[in-house]
Amino acid sequence: MLKQGTKFSLAVDFTGLDLDKTEHVEFIFRRGPTNASPLIKQCSWPGEAQREEGGSRILVPWTEAETWLVPGDGTFYLDTRITLQGVRDQPATNLVALKMERTLFEPAEGADDP
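Residues numbered from 1 in each chain as written. Predicted model: local features only at pLDDT ≥ 70, side-chain atom pairs only at ≥ 80, totals over all residues. Heavy atoms only, no water.

A. Highlighting the overall build of the chain. When its secondary structure is counted, the chain shows 1 helix and 7 strands. Listing every helix and strand of the chain by position from the N terminus yields β-β-β-β-β-α-β-β. Within the structure as shown, the chain displays about 7,100 Å² of accessible surface, and the carbon and sulfur contribution to it stands at 48%. In the chain, the 12 positive side-chain charges and the 18 negative ones have mean positions that sit 3 Å from each other. (Helix = DSSP H or I, 4+ residues; strand = E, 2+ residues; numbered from the N terminus. Areas by Shrake-Rupley, 256 points an atom, 1.4 Å probe, with all protein chains shown as cover. Lys, Arg positive; Asp, Glu negative; His and termini not counted. Charge placed at Lys NZ, Arg CZ, Asp CG, Glu CD.)

Now the structure itself:
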């Protein structure tokens, strides 16, 4: 469960994709389903995101402060861009709507609640 005001790693499953033959995966999270929607978070693998050892999952770390950027109804969107080794065409991916549960606790000092 994703919950506002917590620190967690979001597991993104890439079943059917050989991550050993993948050069780069970009993750972008926005408040709405368009590229004009405000950005919440952007990261990549390899980089900030980490692959589960030998698996098909990539773990995207979230800070407590980043969770407060999710809109009031808790709905936000993830899109990915995958670059395969030695291939010019990128595999098509779907836009995914995610839900973050609200909290009754106040944001920690330094975290902003929009």
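B. Region of the structure containing the sheet that holds strand β4 (residues 50–51). A sheet is described by the order of its strands in space; here 3 strands give the open sequence β1-β5-β4, paired in antiparallel fashion. At either margin of the open sheet sits one strand with a lone partner, and together these are β1 (8–13) and β4. Where β1 lies against strand β5 (residues 57–62), 6 bridges are found, and the strand directions are antiparallel. Paired with Ser9 across the strands is Pro61, a residue of β5. (Pairing = 2+ DSSP bridges.)

C. Local environment of the pattern of salt bridges. Taken as a whole, this structure holds 4 salt bridges when the rule is applied. Of the charged contacts, one joins Lys41 and Glu48 as a salt bridge, the two residues approaching to 3.1 Å between their closest N and O atoms. Across the pair Glu66 and Lys41 runs a salt bridge, and its minimum N-O distance is 3.0 Å. Here the residue Glu66 occupies a position in helix α1 (residues 64–67), and Lys41 occupies one in strand β3 (residues 39–45), the gap between them amounting to 25 residues. The class for Glu66 is buried, based on a relative accessible area of 17%. Sharing partners across several salt bridges, the network here consists of Lys41, Glu48 and Glu66. (Salt bridge = Lys/Arg side-chain N within 4 Å of Asp/Glu carboxyl O. Buried < 20%, exposed > 50% of the residue type's maximum accessible area, 1.4 Å probe, protein only.)

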